Each structure stands twice: as C-alpha cells, then as structure tokens.
Amino acid sequence: MTSQVNHTINFGPQHPAAHGVLRLILEMDGEVIIKADPHIGLLHRGTEKLCETKKYNQNIGYMDRLDYVSMMCNEHGYVLAIEKLLQLEIPTRAQYIRVMFDEITRILNHLLWLGATAIDIGAMTVFLYCFREREELFDCYEAASGARMHATYYRPGGVSRDLPDTMPKYEYTKWQSKKDIDALNENRSGGLLDFIWDFTQRFPTKVDEYETLLSDNRIWKIRNVGIGVVSPSRAIQLGFTGPMLRASGVEWDLRKKQPYSVYEKMNFKIPVGKNGDCYDRYLVRIEEMRQSNEIIKQCVKWLQANPGSVMSGNHKVAPPKRDDIKNSMESLIHHFKLFSEGYTLPVGEVYSAVEAPKGEFGVYLVSDGANKPYRLKIRAPGFAHLAGFEELTKGHMLADAVAILASQDVVFGEIDR
C-alpha cells in the first residue's frame, strides 16, 4: 500500500489571477490546502525610503501609488499626519470636500473589488456593470484634480483647488448620433457638485443590479458561504481592519470611533457581518457602498450651500494666490521659498490613521526639523490581511483559495511598498 505524498505548487505571480504580483507556495494533499506561504516583495518600490529623500509636498503623489485603488484616502492619511505636527487649521469647506472624495474613493475601490472578485469566481457581467459606474466617478476625479487616478489633490492645509463650476462634455463625432451625445451630456450641464448629485440619485439602483446578479445566485453562495471563516476575536488578534474585521461582527470604524475631518457630522451606519466568511465580506462591502452614497449626498448639500476657502491662509505651507504674487513682494518670497525648499515641521513624531476602503491606513511620521521626513512608516491594511491568509485557507480546497484571496481585497502597492 503506497502512502499519499503531499505536493507543492506555485500560485502566481501573475496578474490578475493572483491579484497582482503575489506568489503563493501551496502545499497540497490532493485538492486540499495543507500549508500556504505568501511570498511578497515583487512590487517593492522602496516608497518609504524614497519619501525620506523628498520634500513633504513631493510625497503626496507617492501616496496615490500605494493602494492605487484608494488614491485620495491614502493622501488624506498622509496630509493629516503633517497637519497634526503643524497644528494647522483646515477650512471647513476643504474638510467636506475631503470627506466627499474619501467616500467616492471608497465606492471606486469596492466597485473594482466586486468586479474582480466576480471574475475570479466566474461571473463576467458584474465586472462590466461595475466599470460603467467607475468611469463616471473617474470623471469626478478628473474634473477636480486633472487626473483620473493619481489625483495628488489633497494638500496640508486643505485641497489644491476648489470644485469646478463646469463639467467636461462629450464632443459630437461622426460615429455617434447627436441624440446619443446629448443624452450622455444631459447630467453635465451644471458643475461637478450637480454631476455628483445626479450620480448619487442613480447609484442605489445600480447596487440593486449587482445584488440581483449575485446575492441569491446559487453558484455565488456555494463559492462564498462558509468559506474562509474568521472569528471576531481571531480577526482582532490578526490585526484585521475595515470590511475584513466588520464582516466578523466587530463594529469598528475609525470614521465613528476616532472621527477626523467632518465625519462626526455625518449620518451613516456601520455595516457588520455575522459569520466572518467570504459571503459576509461581500455583503459588508455592498452595504458600505450604499452608506458612502448617503455621506456623499450630505457633503454635496453642504458644499452647495456654503462657499468659502479650500486652503489654509498660512503661506508658510500654502502658496499665495497668483494675484498676490504679482503685487506683493512678501507673497512672492513665500511662493519662492515654498516651491524651492518647501517647509519644515517641528521636531516630533505622529501617527495618523484614516478608515481607507480596505481598512486602517496609517502613517507614522518622524520629523527632525528638516524639510523632509526623517522617517516615514506606512501601516497598510492589506499586509495584516495577507498575513492571515494561511489560517483562512488551511483545510479548504484549491478553488476556495481564489475566493478567499479575492475577499481580502489585497493590493500589492501598499503591501510591498
């Protein structure tokens, strides 16, 4: 009688099957996973060390490229750290703009997660549906910042510019009828806030469409229910945050527990799961999109009624207005100093965290009084989630590893750094 010999296989690295550049070494007993060893570092860019060689404002763009699906949320965590050390006052309008774009970013993140996870499990249509809505939200990014993904829009002291009063429109072409182009431009006749408001009115029905395709789908439930279960106590011990933690039944959300910007003024609920499996992680993210939509509506209403400054008046940190530069020597000097050598932070250290779409995104910043960070350490939520991968997959089938990895929503820009 021959004994069964376990065999080892490589899972990845290939994109998008392994959600980027993940290499898993799986020890298998037939189709059952005995051991899973995640190998990371294949996307390592040395971001933290690079940030220590650049002036503070030059590092904002690096934040977009960490978790490149949660761009403005990452920027928020970084600028909050600088503002804490500087004890900067932020205009209220800028804080509402930040919260609005944080929630737009959360929806962007969850839409990509939902589409990619559906493809991993075998459902193609959902991916196309999700990208239909993502395109509109990228238009909002582009209208505000000029970039569709890597916005570099937040600044210590506020945001780089106010929201535009007009939206870019589709141009007439010979390939589409005038009627079709006019229909596409119908919600673009006003400003960015009008466009966002129109989106928030339509979006809940789009989420209903995703749920119609998936929530009661027999195959979707077979592939997700009871897969990758993690208990509330174990989720806390493993350092899980965000939907990974809330799906296990732990009601923890930094927007409620440690409010920043104007989140304490927002009316929203924290979605919480019961079973801590892949299906609950799906349900939590679906409900988070609905709650984010409500927060965006509250921000739009406030912003439409309250014009004002979107940047701090401290010209040691924020550039003076162009008119002032032309008429005031002091403003010209401020501008020159700011863009040549930047600004310095007081000696000290600070930790700042935001509730990013994937969980707690934290920035630990050490200043030695120079114009660049002495040390910058990033707390990436996906790193802790991937560390728990073996525990979630042990005893499951190989196909379940795909569903579990997808449910973790990992992005290697922030994990490898």
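Residues numbered from 1 in each chain as written. Predicted model: local features only at pLDDT ≥ 70, side-chain atom pairs only at ≥ 80, totals over all residues. Heavy atoms only, no water.

Caption draft 1: The overall build of the protein chain, seen in detail. Along the backbone of the protein chain there are 18 helices and eight strands. Whereas a compact globule of 417 residues would reach a radius of gyration of roughly 22 Å, the protein chain reaches 23 Å, a difference of no more than 12%. Expressed along its principal axes, the backbone C-alpha trace of the protein chain runs to roughly 90 × 60 × 40 Å. For the protein chain, with 417 residues in total, the buried portion stands at 53%. Put simply, the protein chain shows about 18500 Å² of open surface, and 53% of that area lies on carbon and sulfur atoms. If the 51 positive side-chain charges of the protein chain are averaged to one point and the 53 negative ones to another, these points end up 2 Å apart. (Helix = DSSP H or I, 4+ residues; strand = E, 2+ residues; numbered from the N terminus. Rg over C-alpha atoms; globule rule 2.2 N^0.38 Å. Buried < 20%, exposed > 50% of the residue type's maximum accessible area, 1.4 Å probe, protein only. Areas by Shrake-Rupley, 256 points an atom, 1.4 Å probe, with all protein chains shown as cover. Lys, Arg positive; Asp, Glu negative; His and termini not counted. Charge placed at Lys NZ, Arg CZ, Asp CG, Glu CD.)

Caption draft 2: Structural context of the packing of helix H12 (residues 278-305) against helix H17 (residues 398-408). It is at 10 Å that the axes of H12 and H17 come closest, and there the two elements cross at 30°. Our classification of the angle between H12 and H17 gives roughly parallel. Relative to H17, H12 is oriented so that their crossing is left-handed. For the pair formed by H12 and H17, the contact residues are Cys278, Arg281 and Arg285 on the first element and Ala403, Ile404, Ser407 and Gln408 on the second. Considered class by class, the residues forming the contact of H12 with H17 number three nonpolar, two polar and two charged. (Axes fitted to C-alpha atoms, helices over the stretch in contact; angles between N-to-C directions. Parallel < 35°, antiparallel > 145°, perpendicular 65-115°, else oblique. Left-handed = near helix turned anticlockwise from the far one by under 90°. Contact = heavy atoms within 4.5 Å. Nonpolar A, V, L, I, M, F, W, Y, C, P; charged D, E, K, R; others polar.)

Caption draft 3: Just the pairing of strand S8 (residues 375-379), in detail. Of the two faces of S8, only the one carrying Leu376 and Ile378 is buried; Arg375, Lys377 and Arg379 on the other face are not. Note that strand S7 (residues 359-367) and S8 share five bridges and pair antiparallel. Along S8, the bridge assignment pairs Leu365 with Leu376. (Pairing = 2+ DSSP bridges.)

Caption draft 4: Examining the sheet that holds S8 more closely. Overall, antiparallel pairing links the three strands, which are arranged S6-S7-S8 in an open sheet. Edge positions in the open sheet fall to strand S6 (348-356) and S8, since each of these has one partner strand only. Looking at each pair of strands side by side, their axes are set apart by 15° on average, direction ignored. Summarising the sheet, S6 and S7 pair through nine bridges and their orientation is antiparallel. Considered in S7, the bridge of Glu349 is made with Val366. The strands touched by helix H3 (residues 71-86) within the sheet are S6, S7 and S8, with S6 carrying the most contacts at an inclination of about 150°.

Caption draft 5: Expanded view of the nonpolar core. Within the largest apolar cluster, 84 residues are counted, with the highest numbers of intra-cluster contacts made by Met100, Phe101, Leu114, Tyr153 and Leu163. With 14 residues, helix H4 (residues 92-121) is the single largest residue contributor to this core. Excluding anything up to four places from it in sequence, Leu163 contacts Ile97, Met100, Phe101, Ala144, Tyr153, Leu192, Leu193 and Leu303. Listed in part, the 27 residues of the second largest apolar core include Leu24, Ala235, Ala401 and Leu405. (Core = buried A, V, L, I, M, F, W, Y, C linked by side-chain atoms within 4.5 Å.)

By themselves, these observations are geometric and do not establish any function.
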